Amino acid sequence: MKAIKYILFILMTYIGLVCQGQEVRLNLQECIDAALRDNLDLRSSNLEVAKSQDLQGSWLDLPQTSISLSQDPTSGGSPDNAVTFSQSFEFPTSYVAKRKYLKAETEVAKSNLNVSRNEVIRDVSSCYYTLLMAQRTVEILQKQDSVYSHFVYLADTRYKVGEISHLELINAQRAYNENKIELQKAVQSCVTAQLALGRLLNTDVSIVPSEPLAEITDNNIQEPFIFENTPTQGFLKAQMEASRRNLSVARQGFVPELSIGVNVQALIKGFNPYHIERERFEKGNFMGFEVGISVPLFFGAQRAKVKAAKRDIELNEVAMRQARQTMESQYQEAENELKRARQVLDYYKRQGVTEAAAMARLSQVEYDNGEIGYVEYIQNQQTALDIQLKYAGAINDYNQAILMLNYLKGNK
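All residue numbers refer to positions counted from 1 along the written sequence of the respective chain. With the structure being a predicted model, the display of local features is reserved for residues of pLDDT at least 70 and the display and counting of side-chain atom pairs for 80 or more, all residues being used for whole-chain, interface and lining totals. The basis for every side-chain value is the complete set of heavy atoms in the structure, and neither hydrogens nor water enter the calculation.

(A) Quick look at the overall build of the chain. In this description a helix means any DSSP run of H or I spanning at least four residues, a strand means any run of E spanning at least two, and both kinds are numbered starting from the N terminus. Looking only at helices and strands, one finds 8 helices and 6 strands in the chain. Each helix and strand of the chain, ordered N terminal to C terminal, gives the series α-β-α-α-β-β-α-α-β-α-β-β-α-α. Split into buried and exposed, the 412 residues of the chain put 38% on the buried side. In the chain, the share of contacts with a sequence separation of at least 24, taken over all contacts with a separation of at least 6, comes to 85%. Exposure classes here rest on a 1.4 Å probe applied to the protein chains alone. A residue is buried below 20% of its type maximum, exposed above 50%, and partly exposed in between. Contacts are assigned to residue pairs that have any heavy atoms within 4.5 Å of one another.

Here is the structure:
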């Protein structure tokens with residue numbers, strides 16, 4: 001009776017933790033779709049793209065137009081008596097270079113969004129299968145809890161009639177209590193995985209997988225790794241192009257700037273402190289203009305900027321080589337991990353699971369009939385339990401290896 005109450009308590013605790021928010025059952029693809037729509041990291045990356053697109057309109061950034069009023073009481077139609085409008089601007093090639101640079105920066109933001117998207121798919125998939133693994137562990141330990149509960153009941157009955165010693169009853173209770181502790185840990189792991197998945201989906205709703213723990217079937221897993229097809233390479237390539245465009249902008253510092261101005265005669269009749277006779281020209285106000293060019297004479301600072309821009313290109317080249325080496329090495333490691341996980345999984349599918357089920361069933365029957373003692377019974381049950389848990393772990397390891405391979409290739 002105590003065992004039943006405890007199992008109900010564990011289940012109610014688990015359900016209560018799960019149901020703090022609304023519960024919804026989703027498969028993996030539905031979780032991925034929800035994350036691609038609501039994940040905060042992706043929202044931030046999308047905003048970065050929008051920001052870069054907004055900044056593209058800043059390529060034609062002209063200095064402020066200067067308007068000045070000058071009045072000399074001793075002069076008539078000279079430029080000192082004038083309203084002057086002047087405007088300076090960079091050489092036209094500078095604006096072209098800036099426009100291309102801003103477009104390249106937008107492509108960097110877009111390619112970074114692809115990298116973030118690939119990472120979110122990996123994280124959601126990995127978390128989903130971790131949750132499946134945790135749920136499967138809870139199921140196995142719950143079944144084992146029932147087995148040990150029956151074991152305690154039989155041991156207590158036999159002890160009361162004098163068939164077994166007090167030591168056997170203590171060991172029965174120990175096995176039962178240890179399994180309860182593992183069950184508590186498994187429940188907490190399940191809740192932790194559920195919360196992590198909820199964070200990735202940006203929701204307070206409790207996500208419950210709608211599918212059982214099973215190995216992933218991926219027909220494209222044998223496709224080779226091509227670095228050029230990965231989001232990481234696309235991001236680094238976009239950064240390289242942006243660095244080249246930035247170098248072009250830096251080189252525009254060596255070209256001259258232009259300016260143009262227009263002035264119109266201004267004669268304010270009320271401003272004549274010296275009472276000098278002044279009249280406008282009878283045919284209208286005098287007008288004039290000026291065109292200027294600003295030639296850079298000191299190039300030290302600009303040369304330094306050009307050198308720094310060239311360094312950025314070199315850094316991007318090194319970063320791309322490093323990324324290629326790192327990802328190729330990671331892919332080889334993931335392939336080796338997949339082979340190892342496949343071998344372990346094949347063993348449990350071919351032999352281990354069947355043996356564990358037979359061991360658990362036969363040891364229960366033989367103990368009930370008094371054919372084996374409690375030591376052998378506990379050993380057999382513990383072995384069967386370990387095999388079931390290891391089989392679940394083997395499935396999870398295999399799935400995680402496939403997820404890593406797909407992530408490195410870009411989740412195509």
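(B) Spatial organisation of the packing of helix H2 (residues 28-38) against helix H4 (residues 92-160). Relative to each other, H2 and H4 sit at 140°, their axes nearing to 10 Å. The angle between H2 and H4 places the two elements in the oblique class. The handedness of the crossing between H2 and H4 is right-handed. Every residue of H4 that contacts H2 at Leu-28, Cys-31, Ile-32, Ala-35 and Leu-36 is listed here: Arg-117, Val-120, Ile-121, Val-124, Ser-125, Tyr-128 and Tyr-129. Lys, Arg, Asp and Glu make up the charged group, whereas Ala, Val, Leu, Ile, Met, Phe, Trp, Tyr, Cys and Pro make up the nonpolar group; the residues left over, Gly among them, are polar. A breakdown of the residues in the contact of H2 with H4 according to their chemical character gives 10 nonpolar, 1 polar and 1 charged. Think of each axis as a best-fit line through the C-alpha atoms, taken over the contacting stretch in the case of a helix, with angles from 0 to 180 degrees between the N-to-C directions. An angle below 35 degrees is treated as roughly parallel, one above 145 as roughly antiparallel, one from 65 to 115 as roughly perpendicular, and anything else as oblique. Here a crossing is called left-handed whenever its near helix is offset anticlockwise from the far helix by less than a right angle, and right-handed whenever the offset is clockwise.

(C) Seen up close, the layout of surface pockets. Of the volumes computed, that of the largest pocket is approximately 350 Å³. Buriedness for pockets is judged along seven lines, at least five of which must meet protein on both sides within 12 Å for an open set on the 1 Å grid over protein atoms alone, while cavities are sets there where a 1.4 Å probe fits but cannot get out, and lining residues have an atom within 4 Å of a point. Lining the largest pocket are 17 residues, and of these Leu-28, Gln-29, Ile-32, Ile-121 and Ser-125 sit closest to its centre. In terms of residue count, H4 provides more of the lining of the largest pocket than any other element does, 5 residues in total. Grid points are joined across faces, edges and corners, and a volume is the space filled by probe spheres set on the points.

(D) Expanded view of the environment of Ser-70. With respect to the helices, strands and loops of the structure, Ser-70 is situated in strand S2 (residues 66-70). Sequence-wise, Ser-70 and Thr-84 are 14 residues apart; in three dimensions their C-alpha atoms are separated by 8.1 Å.

(E) Quick peek at the state of the cysteines. We call a pair of cysteine sulfur atoms a disulfide whenever their separation is within 2.5 Å. Under the criterion given, the structure shown has 0 disulfides. Not engaged in a disulfide, the cysteine Cys-31 finds its nearest cysteine sulfur in Cys-127; these two sulfurs lie 8.9 Å apart.

(F) Inspection of H2 at higher detail. Every buried residue of H2 is listed here: Leu-28, Cys-31, Ile-32, Ala-34, Ala-35 and Asp-38. Angular distribution of buried residues about the axis of H2 spans 165°; they occupy a single face of the element. Of the surrounding secondary structure, the elements contacted by the buried residues of H2 are strand S1 (23-26), helix H3 (40-55), H4, helix H5 (166-201) and strand S4 (206-209). Definition of a polar contact: a pair of N or O atoms within 3.5 Å, with one able to donate and the other able to accept a hydrogen when the atoms are protein atoms, and with sequence-neighbouring residues admitted only if both atoms are side-chain atoms. Capping the start of H2 is the job of one residue whose side-chain oxygen sits 3.3 Å from the backbone nitrogen of Gln-29: Asn-27. Directions pointing from the helix axis toward each C-beta atom define the arc.

(G) Fine view of the nonpolar core. Judged by nonpolar contacts, the single largest core of 68 residues is most densely connected at Cys-31, Val-124, Leu-197, Leu-201, Phe-227, Leu-338 and Leu-408. Among the secondary structure elements, those contributing two or more residues to this core are H2, H3, H4, H5, helix H6 (231-251), helix H7 (300-368) and helix H8 (374-409). It is H4 that contributes the most residues to this core, 18 residues altogether. Listed in part, the 14 residues of the second largest apolar core include Ala-155, Leu-169, Ala-172 and Tyr-374. Working definition of a nonpolar core: buried Ala, Val, Leu, Ile, Met, Phe, Trp, Tyr and Cys residues. They are joined through side-chain atoms within 4.5 Å.

(H) Region of the structure containing the packing of H3 against H4. Viewed as axis vectors pointing N to C, H3 and H4 meet at an angle of 170°, and their least axial separation amounts to 8 Å. In this view, H3 runs roughly antiparallel relative to H4, as classed from their interaxial angle. Contacts from Leu-42, Ser-45, Asn-46, Glu-48, Val-49, Ser-52, Gln-53 and Leu-55 of H3 reach H4 at Leu-102, Glu-105, Thr-106, Ala-109, Lys-110, Asn-112, Leu-113, Ser-116, Arg-117 and Val-120.

(I) Looking closely at empty space enclosed by the protein. As enumerated under the stated definition, the model contains 1 cavity of 30 Å³ or more in all. Of the pockets and cavities examined, the largest cavity occupies roughly 30 Å³. Considering the residues around the largest cavity, the lining is formed by Val-115, Asn-118, Glu-119, Pro-231, Thr-232, Met-327 and Tyr-407. Counting residues per element, the ones that place at least two in the lining of the largest cavity are H4 and H6. Of the residues forming the lining of the largest cavity, the biggest block, 3 residues, is contributed by H4. Looking at the lining of the largest cavity residue by residue, the classes come out as 4 nonpolar, 2 polar and 1 charged.

(J) Expanded view of the packing of aromatic side chains. Here a pair means two rings of Phe, Tyr or Trp (six-membered ring of Trp) with centres within 6.5 Å. Their orientation is stacked below 30 degrees between planes, edge-to-face above 60, and tilted elsewhere. Applying the stated criterion to the full structure yields 5 aromatic pairs. Both rings, one in Tyr-347 and one in Tyr-348, keep their centres 5.0 Å apart while their planes meet at 65°; by these two values the pair is edge-to-face. Exposure remark for Tyr-347: the relative accessible area of 32% places this residue in the partly exposed category. Judged by its relative accessible area of 11%, Tyr-348 falls in the buried class. Chaining the aromatic ring pairs together yields one cluster made of Tyr-347, Tyr-348 and Tyr-391.

(K) Summary view of a nonpolar patch on the surface. Residues Ile-67, Phe-85, Ile-260, Val-262, Met-287, Phe-289 and Val-291 make up a contiguous nonpolar surface patch of roughly 760 Å² in combined accessible area. Counting residues per element, the nonpolar patch draws most heavily on strand S6 (residues 287-294), which supplies 3 residues. Under the relative-accessibility criterion, Ile-67 is labelled exposed at 57%. Residues with no salt bridge and a relative accessible area higher than 30% make up the patches, which join like charges within 9 Å and nonpolar side chains (Val, Leu, Ile, Met, Phe, Trp, Tyr) within 5 Å. Accessibility throughout is a Shrake-Rupley quantity obtained with a 1.4 Å probe, and a residue counts as covered only by protein chains that appear here. Think of a salt bridge as a Lys or Arg side-chain nitrogen and an Asp or Glu carboxyl oxygen that are within 4 Å of each other.

Any link to function would need more than the numbers given here.
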